[in-house]
Amino acid sequence: MAFPEGFGWGASTAAYQVEGGWDADGKGPSVWDTFTHQGGGRVFKNQTGDVACGSYTLWEEDLKCIKQLGLTHYHFSLSWSRLLPDGTTGFINQKGIDYYNKIIDDLLTNGVTPIVTLYHFDLPQALEDQGGWLSEAIIESFDEYAQFCFSTFGDRVKQWITINEPNLFALLTYDLGVFPPGVPHHGTGGYQATHNLIKAHARSWHSYDSLFRKGQKGMVSLALFAGWVEPADPNSASDQEAAQRAMAFHLDIFAKPIFIDGDYPEVVKSQVASMSKKQGYPSSRLPEFTEEEKRMIKGTADFFAVQYYSSRLVKYRENDKGELSFLRDVEVEVFPDPSWIKLDWVCVVPWGLRKLLNYIKDTYNNPVIYITENGFPQGDPASLDDTQRWEYFRQTFQELFKAIQLDKINLKVYCAWSLLDNFEWTQGYSIRFGLFHVDFDNPTRPRVPYTSAKEYAKIIRNNGLEGHL
Ligand code: GAL
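Residues numbered from 1 in each chain as written. Predicted model: local features only at pLDDT ≥ 70, side-chain atom pairs only at ≥ 80, totals over all residues. Heavy atoms only, no water.

## Quick look at the packing of aromatic side chains
(1) Moving on: As enumerated under the stated definition, the model contains 56 aromatic pairs in all.
(2) Moving on: When the centroid spacing of 5.0 Å and the interplanar angle of 55° are considered together, the rings of Phe 121 and Trp 425 count as tilted. Here Phe 121, found in the loop between β3 (113–119) and α6 (125–128), pairs with Trp 425, found in the loop between β14 (411–417) and β15 (431–432); they are 304 residues apart in sequence, far enough to count as distant. Of the two residues, Phe 121 and Trp 425, both sit in the buried class.
(3) Moving on: Judged by centre distance (6.2 Å) and plane angle (25°), the ring pair of Tyr 208 and Phe 212 falls under stacked. Here the residue Tyr 208 and the residue Phe 212 both occupy positions in helix α9 (residues 189–216), the gap between them amounting to 4 residues, near one helical turn. (Phe/Tyr/Trp six-rings, centres within 6.5 Å; stacked < 30°, edge-to-face > 60°. Helix = DSSP H or I, 4+ residues; strand = E, 2+ residues; numbered from the N terminus. Buried < 20%, exposed > 50% of the residue type's maximum accessible area, 1.4 Å probe, protein only.)

This is the structure we're talking about:
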């Protein structure tokens, strides 16, 4: 089961989850610094990313892990407020530039291709104070930051992700309010943020296209969170429609405007409009793009970056009480098949990833696909001999092999989440996704490979799995 020559084998991290150094050398606060420092039980045991894996000072240790695995790609994110402490180019933090220059240069020296995400959930607090992603002003700020990054690092970075999982982020942050600033806007905030996130992404893609592409010759996309969903009863038309709605509301709501035609899926527009009407709103809670905006948004991604963890079953559930919520607008009930192994919120369904890849191929005109995150958690304390977890990775690689060979999916890169155990947002350090174990009680934060890391290194060395299908 050899993968195509040149296939990319990577691992991912994100700034707030690994760096620590939250106020080191002039870094400004991000919303996650504020949120974790406020306590209040919204994060497991009120834990913080103040130190996390210490990657701000321990980059050399991360590099050792990357070399031990033999990665061809390393996917990490930049901390916006480490580079621009108040979110604007009014003040630029040279120490932040130095830190990322060192990472990028060391990667390239070691033959590892950087995939760089500009923004992974950690908005500068100063911009949240001005309304964050609920305010249209963010589009300009994001574009300014993106241009700054392209011009500072783009001579060496050729693979850019503008925004990490804007679809999940909009929901968790501005609809449900479980991510900072922790204020829910049920049924409205998620859509408002979605609107601004799409426009900000598109705007920065155009900046790259017109100002940098010719000189730098890189590629720009955004990384979308996607699960796979199956109708609970495959013979039920209403369950099938429920599955389509679930895909439309969580994936196509971003992917269709960006990859196809600049506008939201019809089913999303009609569901939200009719629900809003029932609830007495004068117009739909889903904002509309102007024709000019649609033209600006359409076609603004150079590849399809997707992040897969889990699958679910779905069936129709009427919103009979007229509940005001993004999730209730979809009119589905979502649940795991009882036969699936469940690790925390992740159901182990490797074949769901193959189906998802086929969905993307069929819906989005067979794009080049990067899997920029995929992984399995362990509880804490975790066993270094995670043979069972490795079995899930192995099955995933088998599915990817079938997807490439049999389904002709244009898959170019796979990145495991994550290089290291790290700060898992509201779950703190209670679950571990790393290929390397990190001891968070030890000030030197030693990194020790799990069995999965050793096995992944073999896969990378062989460019695939041993044996045949
Ligand atoms: C993703 C997110 C990562 C990581 C991962 C595992 O949604 O981008 O930051 O937390 O989930 O839960």
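Don't stop here, the text continues.
## Quick look at the nonpolar core
Generally speaking, a soluble globular protein has its nonpolar side chains buried in company with each other.
(1) Moving on: One finds Leu 78, Trp 133, Trp 160 and Tyr 456 to be the most contacted residues of the largest nonpolar core, which totals 148 residues.
(2) Moving on: Sort the elements by how many residues they give to this core and helix α10 (residues 237–261) lands first, with 12 residues.
(3) Moving on: Apart from the residues within four sequence positions on either side, Trp 133 is in contact with Tyr 119, Leu 123, Ile 138, Phe 142, Ile 163, Phe 169, Tyr 174, Gln 192, Ala 193, Asn 196, Leu 197 and Ala 200.
(4) Moving on: Ala 305, Tyr 370, Val 413 and Cys 415 belong to the second-largest nonpolar core, a separate cluster that totals 8 residues. (Core = buried A, V, L, I, M, F, W, Y, C linked by side-chain atoms within 4.5 Å. Contact = heavy atoms within 4.5 Å.)

## Some remarks on helix α5 (residues 94–109)
(1) Moving on: With 16 residues, α5 extends 22 Å from end C-alpha to end C-alpha; this agrees with the ideal 22 Å at 1.5 Å per step.
(2) Moving on: All of the buried residues along α5 are Gly 96, Ile 97, Tyr 99, Tyr 100, Asn 101, Ile 103, Ile 104, Asp 106 and Leu 107.
(3) Moving on: Elements that come into contact with the buried residues of α5 comprise α1 (15–18), α3 (59–69), β2 (73–77), α4 (80–83), β3 and α7 (137–153).
(4) Moving on: Note on α5: the residue one or two positions beyond its end, Gly 111, has a positive phi of about 75°. (Expected span 1.5 Å × (residues − 1).)

## Topic: the side chain of Ser 81
(1) Moving on: Along the polypeptide, Ser 81 turns up in helix α4.
(2) Moving on: On the accessibility criterion, Ser 81 (0% relative accessible area) is buried.
(3) Moving on: For Ser 81, the contacting residues outside a window of four places in its chain are Lys 27, Gly 28, Pro 29, Ser 30 and Pro 124.

## Remarks on α10
(1) Moving on: Taking 1.5 Å per residue, 25 residues should reach 36 Å; α10 reaches only 27 Å between its end C-alpha atoms and comes up short.
(2) Moving on: Remark: Gly 262 follows α10 within two positions and exhibits a positive phi of approximately 80°.

## Quick look at the pairing of β14
The two faces of the sheet receive side chains in turn, since in a regular strand these alternate between them.
(1) Moving on: Most of β14 sits inside the fold, with 6 of its 7 residues counted as buried.
(2) Moving on: Alignment of strand β1 (residues 8–12) against β14, held across 5 bridges, turns out to be parallel. Within β14, the position partnered with Trp 9 by the bridge is Tyr 414.
(3) Moving on: Here strand β12 (residues 369–374) pairs with β14 via 3 bridges, running parallel. Looking across to β14, one finds that Tyr 370 is bridged to Val 413. (Pairing = 2+ DSSP bridges.)

## Digging into the site of the ligand
(1) Moving on: In the neighbourhood of the ligand, 13 residues make up the surrounding shell, with Gln 17, His 120, Glu 165, Glu 373 and Glu 424 lying closest.
(2) Moving on: Asn 164 places a polar side-chain atom, nitrogen or oxygen, 3.0 Å from an oxygen atom of the ligand.
(3) Moving on: In the environment of the ligand, an oxygen atom lies 3.0 Å from a nitrogen or oxygen atom belonging to the side chain of Trp 425.
(4) Moving on: Across the shell around the ligand, the residue classes tally to 6 nonpolar, 4 polar and 3 charged. (Near = heavy atom within 4 Å. Polar contact = N/O pair within 3.5 Å; in protein donor to acceptor, adjacent residues only side chain to side chain. Nonpolar A, V, L, I, M, F, W, Y, C, P; charged D, E, K, R; others polar.)

## Digging into the pattern of salt bridges
(1) Moving on: Tallying each qualifying case throughout the model produces 28 salt bridges.
(2) Moving on: Close ionic contact of Lys 199 with Glu 293 constitutes a salt bridge, the shortest N to O distance being 2.9 Å. With Lys 199 in helix α9 and Glu 293 in helix α12 (residues 291–297), this residue pair connects regions lying 94 residues apart in the sequence. In this structure, Lys 199 and Glu 293 share a single accessibility class: buried. (Salt bridge = Lys/Arg side-chain N within 4 Å of Asp/Glu carboxyl O.)

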